[in-house]
Each structure stands twice: as structure tokens, then as C-alpha cells.
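Architecture at a glance
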Amino acid sequence: MHKFSKRVQKFFNNMKENITMSSNRSQISILIILALIVIISIIAVFMFSTEKSSKDQNDDENVGEDFFFETTKTNLEACYEKQIEQAIFNFYKFGASVNQEENNEQTFLSEPALYYDKGKILLPTLQSQVTALEYLMNVSVQECNKEQEFENLGVEITSEIWTVKILPQDNPESAHLEGTLLLQKGEKIQTYTLPEIPLYANMKEMQSIVRELVSKQLEVGNAIPLGALTNLAYEYNFSYEYYFLEESEVMYTLNFHREDNKAFEYNFRAKYEPWEEPIP
């Protein structure tokens, strides 16, 4: 009986030890699993943060590049518009005519064009005016690619300036810049075509005004056509003045006013036969 009791006691002790060892092993397994979960979570968080940081950096770079490109385009458009406007103002200031050089270059006259010379009309045709103004616009807008502000933005203009065309030819309304501009910043390149820019003077209307004026000049002969000037000024809403450059040579200035309060002058000259009495 005593031996049996010992055996029973031993069985329970062994069983208790087995349960304790099994419990310890379970705890160790749980700890290992928890540690793996923690390690995997840390790695996942690190990878996500790195990927997000890289994505945010790329997004920032793209936003930055887009900003520089858009700023360059805005500045270019403003520059072209300003240069074209100035070319038009200078064109009419010198009588809508140019000097034609031997190498096919054209420059502004040193003084306004002569439209009437002792009974002869010297008014240029509308087509010749369109061709001359196109040339002057092309020369003028070349300066835009040399602006220092574009270099400061880090954007390089990699193509030559395109051709400025005035369209339509028979009734000019706007300046079209034909071609595509390449803008480059680092390795990124964008193409850009400027929108058409409206002309700041109606070329056909200007041509009609001076043609009618010099036609009236033929009717009045060797005299200043004040009646025609007054009527045309009323009809086309411009003011005028005239003054003598030399005896029997007169400078006419037609002052046109625009809605944006930017005025421009249309100047031209007329030569007459000597007058017997000075005209006041």
C-alpha cells in the first residue's frame, strides 16, 4: 500500500513537471511570436515612411518644377505681348514704313514716312505694311529669350524663336507666333506655344484713314486738307495736330486713344510747293 502511494505521488509529480515545462514552452512560443510581430511592424512602418518620404520629395520636386515652368510661361507671354505692342507703336510713329537694307534687314526710318510729295501719293500698301510689321515684331520678340529672369528661374529656353505672322493678311487682327518653344529645367522638358496676341491697332482701318486723307489732299491741291482731317477725326475718334518742319513741309500727327488709356501716334509727312503766303 505504501509503495502504491509513492507511485501515485510520483505520477502526479511527473505530471506536474510536464505541465510546468509545457507551460514554459507555451510562454516562450508566445514571446517569440510577439517579438516577430513587433519586428515586422517596425520594418513595415520604416518601409512605409521611407516610401512616403520619397513620394513626398518627388511630389515636391514636381510641384517645384511645374511652378518654375508656369512662371516662365507667364513671363514669356507678358514679354512677347509687351515687345509686340512696342513694335506696333514704333511702327506707326514712323509712318508705318521701314528702311529696306541690302541684306534684307529692315529698320525704322530716321523720321516719319513721306506720304505726299508735291502732288504724288507715296502711301505704302497694306500688304507691304503687314510684311514690314511682321519683320519688326520678329526682331523685337527675340529679346524675350535673353531675359535674365528666365535664367534666374533655372529654366533654359532651348529652341529658337518661331516666326511671328499677322493673320489674316487681308484684314489683320492678331499676331500669331508659329512654332513650339522648348523649356528645359534639369532633365525635364516641356513644350509651349504662346497664344495669339491681338494687334493694338486696326491696320486696315489705319490704312483707310490715311488713304482717304491723301486722296482728299489731291483734291485740295497745294494746301493743308483741314476739312478732311476734321471729318476723319470725328468719324474715327482721333485727334490731330500738324506743324511745319521746313518751309512747305508739314508733319501730321494722328493721336489714337485706346480703351486701356494707352495712346499711340500715327505720324507722316507731306511736302508742298512753296506757298506765296505762309499758312498759319
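The structure reproduced in this document is the subject of the present report. On a predicted model such as this, the values are computed, not experimentally measured, just so you know.

Rules of the game
Residues numbered from 1 in each chain as written. Predicted model: local features only at pLDDT ≥ 70, side-chain atom pairs only at ≥ 80, totals over all residues. Heavy atoms only, no water. Pairing = 2+ DSSP bridges. Helix = DSSP H or I, 4+ residues; strand = E, 2+ residues; numbered from the N terminus. Contact = heavy atoms within 4.5 Å. Axes fitted to C-alpha atoms, helices over the stretch in contact; angles between N-to-C directions. Phe/Tyr/Trp six-rings, centres within 6.5 Å; stacked < 30°, edge-to-face > 60°. Buried < 20%, exposed > 50% of the residue type's maximum accessible area, 1.4 Å probe, protein only. Expected span 1.5 Å × (residues − 1). 1 Å grid on protein atoms, 1.4 Å probe; cavity = no way out; pocket = protein on both sides within 12 Å on 5 of 7 lines; lining within 4 Å. Points joined across faces, edges and corners; volume = space filled by probe spheres on them. Nonpolar A, V, L, I, M, F, W, Y, C, P; charged D, E, K, R; others polar.

**Brief notes about the sheet that holds strand β6 (residues 163-167)**
Sheet architecture is open: three strands sit in the order β6-β7-β10, paired in antiparallel fashion. Edge positions in the sheet fall to β6 and β10 (197-198), since each of these pairs with one other strand and no more. Its contacts with the sheet place helix α2 (residues 126-141) against β6 and β7 (174-178), and it is angled at close to 145° to β6.

**Concerning the packing of aromatic side chains**
For the structure on display, the rule yields 15 aromatic pairs. An angle of 35° between the planes, with centres 5.0 Å apart, marks the rings of Tyr-272 and Trp-275 as tilted. Judged by relative accessible area, which is 1%, Tyr-272 ranks as buried. Taking the relative accessible area as the measure of exposure, Trp-275 reaches 15% and is therefore buried. Through successive ring pairs, a cluster of aromatic residues spans Phe-89, Phe-91, Tyr-92, Tyr-115, Phe-238, Tyr-242, Tyr-252, Phe-256, Phe-264, Tyr-266 and Phe-268.

**Side note on the sheet that holds strand β12 (residues 249-257)**
Pairing in this open sheet of five strands is mixed, and the strands run β4-β3-β13-β12-β11 from one edge to the other. Two strands in the sheet have a free side with no partner beyond their single neighbour: β4 (120-121) and β11 (238-246). Bridging between β12 and strand β13 (residues 263-271) involves nine bridges; their strand directions are antiparallel. The residue of β13 that forms the bridge with His-257 is Ala-263. Contacting β11 and β12, helix α5 (residues 226-236) runs over the sheet at an angle of about 150° to β11.

**Describing α2**
One turn of the α-helix equals 3.6 residues, which is why residues spaced by three or four share an orientation. The end-to-end C-alpha separation of α2 is 22 Å, in line with the 22 Å expected for 16 residues at 1.5 Å each. The set of residues buried in α2 consists of Leu-126, Gln-129, Val-130, Ala-132, Leu-133, Glu-134, Leu-136, Met-137, Asn-138, Ser-140 and Val-141.

**Some points on the layout of surface pockets**
One water molecule sets the probe size; rolling that probe over the atoms shows where empty space is left. Here the largest pocket is characterised by a volume of approximately 220 Å³. Along its surface, the largest pocket is lined by Tyr-200, Ala-201, Asn-202, Glu-205, Met-206, Tyr-236, Asn-237, Phe-256, His-257, Arg-258, Glu-259 and Phe-264. Residue composition of the lining of the largest pocket, by class: six nonpolar, three polar and three charged.

**Quick look at the environment of Ser-110**
Note on placement: Ser-110 falls in the loop between β2 (106-108) and β3 (114-117). By relative accessible area, Ser-110 is classed as exposed at 74%. Those residues in contact with Ser-110, other than ones at most four positions away along the chain, are Phe-94 and Asn-99.

**Comments concerning unusual backbone geometry**
With an omega dihedral of -15°, the bond running from Leu-167 to Pro-168 counts as a cis peptide bond. Relative to the assigned elements, Pro-168 resides in the loop between β6 and β7. Phi at Ala-96 takes a positive value of approximately 55°, unusual for a residue other than glycine. Along the chain, Ala-96 falls in the loop between α1 (2-93) and β1 (98-100).

**A word on the environment of Val-250**
With respect to the helices and strands, Val-250 occurs in strand β12. Taking the relative accessible area as the measure of exposure, Val-250 reaches 0% and is therefore buried. Between the C-alpha atom of Val-250 and that of Phe-268, which follows or precedes it by 18 residues, the distance is 8.6 Å. Once residues lying within four places of it in the same chain are set aside, the contact partners of Val-250 are Ile-224, Tyr-242, Tyr-243, Phe-244, Phe-268, Arg-269, Ala-270, Tyr-272 and Trp-275.

These results come straight from atomic positions and should not be treated as a statement about function.
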